[in-house]
Each structure stands twice: as structure tokens, then as C-alpha cells.
Amino acid sequence: MRVRAEEAGRIPHEGRLPAVANVAVRLVDVVKKFGETVAVDHIDLEVRDGEFFSLLGPSGCGKTTTLRMIGGFEEPTAGLIELQGQDVTWLPPYQRNVNTVFQNYALFPHLTIYENVAFGLRRKGVKEAEIKSRATEMLELVELPGFENRKPNQISGGQAQRVALARALINRPAVLLLDEPLGALDLKLRKQMQVELKRIQKEVGITFVYVTHDQEEAMTMSDRIAVMNRGHYEQLGEPEMLYERPQTRFVAGFLGVSNLIAGRVDATAGGDWATIALDNGVTVRAPRALAEGKTRILLGVRPEKIRLYETHETVPESHNRMPGTIRAASYMGVSTQYQVDVPGNRRLTVFEQNVERATKSELWAPGEVVVVGWQPQHSFVVRDESAEAAAEEATEVAAEPFGE
Amino acid sequence: MGGFIKRHRWIAPYALLAPGVLWLLVFYVYPGIQMFIASFWSGTLETGFTFSVSNWTNYPDALQGASAQFVRSILYAGAATLLTFLIAYPLAYTIAFKGGHYKALLLFLVVAPFFTSFLLRTISWKIILGDSGLFLAPLKTIGLVPSDFRLLAEPVAVVSGITYNFLPFMTLPIYVSLEKIDHRLVEAAKDLYAGPWRPGGAIAGLVIGGLLGGVLGYIFEYSIPVFAIAAAAAGAIIGWFFISQSFTRVTFPLSLPGVFAGSLLTFIPAIGDYVNAEFLGNPGTTMVGNVIQNKFLVQNDYPAASALSFILMAGILVAVAIYARALGTEGLTTGRG
């Protein structure tokens, strides 16, 4: 089920980018099949000029294939690809104003770092003096001055990563494509490079299209993210919107941890809040905008949004609440992760910062009876695909309730 | 035993080398020394041979007597190496990059001729190239070539035979080096604007083709201009249509170790070969291998034969050293150009 960006739930701080932005990359109804396998299934996408855009998803979701089609390494089975308004669907890679940072860098092993970086400019017939000044400038940008005469086998993975970046950026492409460029680096280096990449992107102002399976990486760097699953994207938006307002079960589960409980929207209630009758008998509230037009839903809340109260404590009137029993606690230093059993045989995950309770005696212990509470605006609503599918089958409703 | 090896790890590499070293000592070094001594002999089989350092004149004498064959060996082996390269490279390239599921089968077909004896294969070329053989008979019937035209017993037949016999030695190393190339490097080159190489490729093809054609025309003792022009035209067409910048800048440089290995594996045995010249040539196309074979086995002139063998060996060593230097040995041994 595809979801269009404009249909995504609104949160107050949406729209950090100017509303009217030039489109750097546009995909119109793009399909890619490998034999019988559909790798990319009818994707419509607009990447804005100058933004850091990520395609996020598990392996096999079609993110790399999408990137390769933008780069010109794969031809789409159907659809249209535009770069800055120009149809490039059938142009070979060497005629597109895009450059790629490959997964394992793909540095030319027989050429020096300098020649690797100069490769694109040489093919374009740029004069030697300009190549030299631009290559020097690029190696400075990626903080590798003085590496000109080394060979790729004489530098580390992190350095190779920077060279690959310099080799692509020196050509001043309209769009830079990055295919899991940090995947081969160790965690510490990866964190460092994330900051570095973001800095470089800001400095050069080039549109980045970034492919990754690492949700944290995508959230750290991206202006917008398309969360992909099985050949299409389920939701597209800014990182905080994807996290706070996931619209599908997949997005809710792929980005961070989500507690989901099935329920039914009570259509009669009015006001800013929709009332939702959960299947476990508890009634909670959620922002009306999120529940509009839905009946069977999954109500979601993030673990760090939940507070645990003692039974005698007063939970603020407006908050959602339900009784719970601590089942397990794991202390993680900065926070403690609890598994809490709630009515209806559901188990919630709760993160509590170790501020008010920090020592072992203060922490909640398994078996303790608590009240689970959270603010209604922290509820999000996800379509209950399984219930929808069942309902569709029963009533033979052909039209999809959402998307195209 | 296992414990012993564990305690004396330094032994392992030597133990692994030992069989090869022994083999070479018995079948290469010892006969080599024997032959070196023989090259300073004088006398005949009937009177017996005597060793004397003053017999070093065997060397200049042998060289003088076989200088034409030496030159011919170099030319024929060189031409055959060049032709095997021209045939093997596209073949290996296609198997490596377009072979798909058929790679193993295609590689098997490349080595399939080895299942037949070397002699039989060479003799079969005699039949194919014969004056009214498979190849010439139809051409003569339709009048495309004059009825007295022949291929057999000409330099072209000897070179063709060598080319055919050593083709797998060129194909396999090139295939291995191409196979190893990460396809993303080619994609990266295309991403960095390496497109078709025009008109550079055509011009390069024209020049290289013309030169090689001229050389082949000379070696084959046919018309040099005709060969040069035909090869230049072929080179220009190949250069225009098939040679891309990603090939010249990435694929080809990265396959050079294979080209180097393949050309050595072809050139070295080819220069000492005598079977092809024996069966497919004429008395005017004999190579140094024929002379050595004749002196050793027919005339029993061991000193001269040994001296010739040593000159050939030294010549090859020098040539290989120059060739390795030109291509850069460091790059070749590490697989990085």
C-alpha cells in the first residue's frame, strides 16, 4: 500500500524546507522487474534540490535498485526518471549529471588517489591546471591533503570512503548518490563519518540521495526519508515525523520500537481528540487528525513516551492510562527498559530515564503493580492491515481505503 | 607428528616446497648442468667427447649456423603471441563478462583441444590448410583465390599452428584476471563519464592495426601494404564500435597481469617449438627448435645442440626481463597495475 507524502499526518513542525523547492530527482510510476521478481513496484518520488534524502529499508526492499536506476546502471521496466526537469530514463550513466559513491567505494586500484579523484574531470577534458586545483581543493574538503600519490591499497577504509566522496563530488553533480557508503566501517568511524557527510553536504550544497538500512543513520543525517518495503515506500517525511507519526505497522516497527494495540475508532466523539476503544477494554484518546476516516486501527505509543506510576499516584486527568504489572526490567545505564503486562494479554515496552529512580532498590521490580500513562498527543494511529484485509474479504470491498 | 609440526612451524613451508624443489633438481638443474658441460665438448659420438673451456667457440659457431632460424623463431613466436592475444582477449572477455551460466562450459571448450594429442592437432591443421583441403578447396572452386595459391608449407601455416596450439595458454590467464575485476569499477568509470572512445578509439585502432598488419605481412612474406591496410581498417572499426573509455582506463589496465602471464606462457614455448614448423612449414621456415632437434637426435652433435639450447634460454631470460620491466613487475605480482 503506497502512501503519498501529502496524505501523511501533520505535525506542527513539518515543512522546514521551503514549500516551493526545485525538484532535483523525479520518479514517475517507476517499475523495475528482474525476470518475475518485482524489485521496484510503482514508485513516485520527488527529491528536492539541495536536500539530504534517504531511502531507508531492509535488504531486498528495492532501495538500491531505485538508486541504480537514478544513476543509470539499471533501466526501469516502466516509468520515467527526471533529473532537474530533464528526462534521463534512457541515458547511460556517463551522460547523466549524477555521481555515485559505491558501497565498497570502487576506487580504481591501479590509479593513485590523485588520479582516482581526477578521473571524472579527465574524461570531461578539463584542463590539467584546473584539475589540479580542484583535486587539491577536494582532498582538503574530505581532509586528506597530501594523499595524492598513494594507491587505494595503502589507505584505510575510512580514508577510502573519503576518496570515493571526493572522486564523486569533484564533478559537481546535480545529485550525489550514496549506496550504503558507511556499511563497511566500524561503528565509531561510522558515527564520525555521519557527521562528516552532513557537514560536507551542507558545505557543497549538492542534493544527496542516500541508501541505507540503518534507521539511526538515516535519521541522523536526512532532511527527509522514504521508508521502503517490498518495492515501494510506505511513508515519506522528515525523520521526526516518521518517528512520531508512523502511518504503517512496518514504519512503526522499522524506525525504533513501537507498542501497538488493536482497537476501534469511536466515530461519534467530537473535539480535538478521537476516542479509541482498545480491544483490551481500555479506552484511550489520540489526535483526531490521525484517526480520521479509520475504524479498525492499531494504536501506537513509543516506549520512552510512557510513564510508570505507582497505583496510589495521581495520573493527570487528560492522560491515557491502563493498569500494568512489571514483568521484566533491564538496566541499561542511561535508562531502564521494562516489559509491562497490560490487560488483554498485551506486553508494552517502556523506557524510563534513570533520573528519578536510579539505584537498584529504587527501580521497578518484576511483579510490581503499576499504572501505565502517556499523553494523548503521543499516541499515533496505524492502519490495522490484517483487520482491513479481513474486512475487505468479508464485504468484498474492492477500493483501497488509503493510497492510490 | 602433528605435535612435531606444531612445535616446528618453520618447517612447514619448506616441507611443502620440497617435492617441487626435488623435482626441479633432478629433472631441470641436473640435466641443465649436464647440458652446460656438453656445450663445451668437442668430438663425435664415435670418437667420444672431451670437455675443454676453449670449446666456448661452440657458442658463436652454433649461433652463426642457426642465425636465420633464431630470427625466424623470434618473429614466428612473436607473431603467434600477438595473434593468440588478439583472439584470446575478446574470447576471455566474453566468457568472463557475458558467459553467465555457460562460463564453465565455455572454459571447458577452450581447453577441450588438450584432450587430443599435440601432434594430432598439428597434423589435422595440415589437412585443413592443404592445397585442396577444407579451407582452400571451396575458395578455389569459386575462384576467390588462384588455383596455385597455398597456405600449407608457408610461414602463415606455421604461425597459425602455433597460434592454435597455444591459444588456451593465453585465454586462461586473461580470463582469470578479467574474472577478478569488480564490476563496480566499470560502473564507477561509467559514472565518472567514461563513455565510448570516439574518435580516439578509431584512430588508435587505425594506427595500431596498420603497424601490426604491416609486421604480420612481413613475417608471412605476403604483401605488407595489403596486410597493413586491411588490419588498419579492422582496427579502426573495432576501435570505433567496441573500445570504450572504461575499457582503456579500467578493464584493460586491470587485466594486464593476465596478458603478461598469457603472453609468456605462449611466447616461451612457442619460440622453442619445432613441431609446427616440422609439419606445417617448409625447409625455409625452420625454427631454432628444429635445428636443436636435428642436431640432438639426427646428427648427434650434442655440443652444438647444447650451445644452441643455452643461447635460446639466455635470450628468453633477457627478453622476459625487459618485458617484465616494461609492464612493471611489482604491479603484476600484486595484481595492481
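Rules and cut-offs
- Residues numbered from 1 in each chain as written.
- Chains lettered and ligands numbered in written order.
- Predicted model: local features only at pLDDT ≥ 70, side-chain atom pairs only at ≥ 80, totals over all residues.
- Heavy atoms only, no water.
- Helix = DSSP H or I, 4+ residues; strand = E, 2+ residues; numbered from the N terminus.
- Buried < 20%, exposed > 50% of the residue type's maximum accessible area, 1.4 Å probe, protein only.
- Contact = heavy atoms within 4.5 Å.
- Areas by Shrake-Rupley, 256 points an atom, 1.4 Å probe, with all protein chains shown as cover.
- Lys, Arg positive; Asp, Glu negative; His and termini not counted.
- Charge placed at Lys NZ, Arg CZ, Asp CG, Glu CD.
- Expected span 1.5 Å × (residues − 1).
- Bend = angle between axes of the 7 residues up to and from the residue.
- Pairing = 2+ DSSP bridges.
- Axes fitted to C-alpha atoms, helices over the stretch in contact; angles between N-to-C directions.
- Parallel < 35°, antiparallel > 145°, perpendicular 65-115°, else oblique.
- Left-handed = near helix turned anticlockwise from the far one by under 90°.
- Salt bridge = Lys/Arg side-chain N within 4 Å of Asp/Glu carboxyl O.
- Domains from an automatic or database assignment.
- Polar contact = N/O pair within 3.5 Å; in protein donor to acceptor, adjacent residues only side chain to side chain.
- Nonpolar A, V, L, I, M, F, W, Y, C, P; charged D, E, K, R; others polar.

(A) Main features of the overall build of chain B. Across its full length, chain B carries 16 helices and 2 strands. Considered along the principal axes of its C-alpha atoms, chain B spans approximately 75 × 70 × 35 Å. With 337 residues in all, chain B has 41% of them scored as buried. Looking at chain B alone, contacts between residues at least 24 apart form 70% of all its contacts between residues at least 6 apart. Carbon together with sulfur atoms contributes 73% to the accessible area of chain B, which is approximately 18,300 Å² in total. Side chains of chain B carry 18 positive and 14 negative charges; the gap between the two charge centres is 13 Å.

(B) Region of interest: helix α4 (residues 67-98) of chain B. Residue and element names in this part refer to chain B. The terminal C-alpha atoms of α4, which comprises 32 residues, lie 46 Å apart, in line with the 46 Å expected from a rise of 1.5 Å per residue. Its axis deflected by about 25 degrees at Ala88, α4 carries its strongest bend there, up to four residues before the proline Pro90. Once α4 finishes, Gly100 follows within two positions and takes phi at roughly 55 degrees, a positive value.

(C) View of the sheet that holds strand β19 (residues 369-374) of chain A. Residues and elements named next belong to chain A. Read across the open sheet, the 5 strands follow the order β15-β19-β16-β17-β18; overall the sheet is antiparallel. Looking along the sheet, the strands with just one partner apiece sit at the ends: β15 (307-310) and β18 (346-353). When strand polarity is set aside, the average angle formed by the axes of neighbouring strands in this sheet is 45 degrees. Strand direction decides the pairing type here: strand β16 (residues 320-331) and strand β17 (residues 335-342), joined by 6 bridges, are antiparallel. Following the sheet pairing, Ser330 is matched in β17 by Gln337.

(D) Inspection of the packing of helix α10 (residues 200-219) of chain B against helix α11 (residues 224-242) of chain B at higher detail. Residue and element names in this part refer to chain B. Direction vectors running N to C along α10 and α11 enclose 150 degrees, while the axes themselves pass 6 Å from each other. In terms of orientation, α10 lies roughly antiparallel with respect to α11. Judged by the twist between their axes, the crossing of α10 over α11 is right-handed. When α10 is examined against α11, the residues Gly201, Ala202, Gly205, Leu206, Gly209, Gly210, Gly213, Gly214, Leu216, Gly217 and Tyr218 are found in contact with a partner set consisting of Ile224, Phe227, Ala228, Ala231, Ala232, Gly235, Ala236, Gly239 and Trp240.

(E) Highlighting the pattern of salt bridges. Residue and element names in this part refer to chain A. Here the structure, examined in full by the defined rule, presents 29 salt bridges over all chains. One salt bridge in this structure joins Lys305 and Glu304, with 3.0 Å as the shortest N-O distance. Given the relative accessible area of 16%, Lys305 is considered buried. Note that Arg307 and Glu356 form a salt bridge whose closest N and O atoms lie 3.8 Å from each other. Taken together, the residues Arg307 in strand β15 and Glu356 in the loop between β18 and β19 connect sequence positions 49 residues apart. Here Arg307 falls in the partly exposed class, since its relative accessible area comes to 36%. Look at the salt bridges and you will find they share partners, linking Glu143, Arg162, Glu196, Arg199 and Glu203 into a network.

(F) Region of interest: the domain arrangement of chain A. All names here are of chain A. Structurally, chain A comprises domain 1 (5-97 + 173-244) and domain 2 (257-395). Counting from both sides, the interface comprises 4 residues of domain 1 and, opposite them, 5 residues of domain 2. The tally of links from domain 1 across to domain 2 stands at 1 salt bridge. The shortest N-O distance in the salt bridge between Glu244 and Lys305 comes to 3.2 Å. At the junction of domain 1 with domain 2, the criterion picks out 3 residue pairs in polar contact (both at pLDDT 80 or more). For the side of domain 1 that touches domain 2, the residue count by class is 2 nonpolar, 1 polar and 1 charged.

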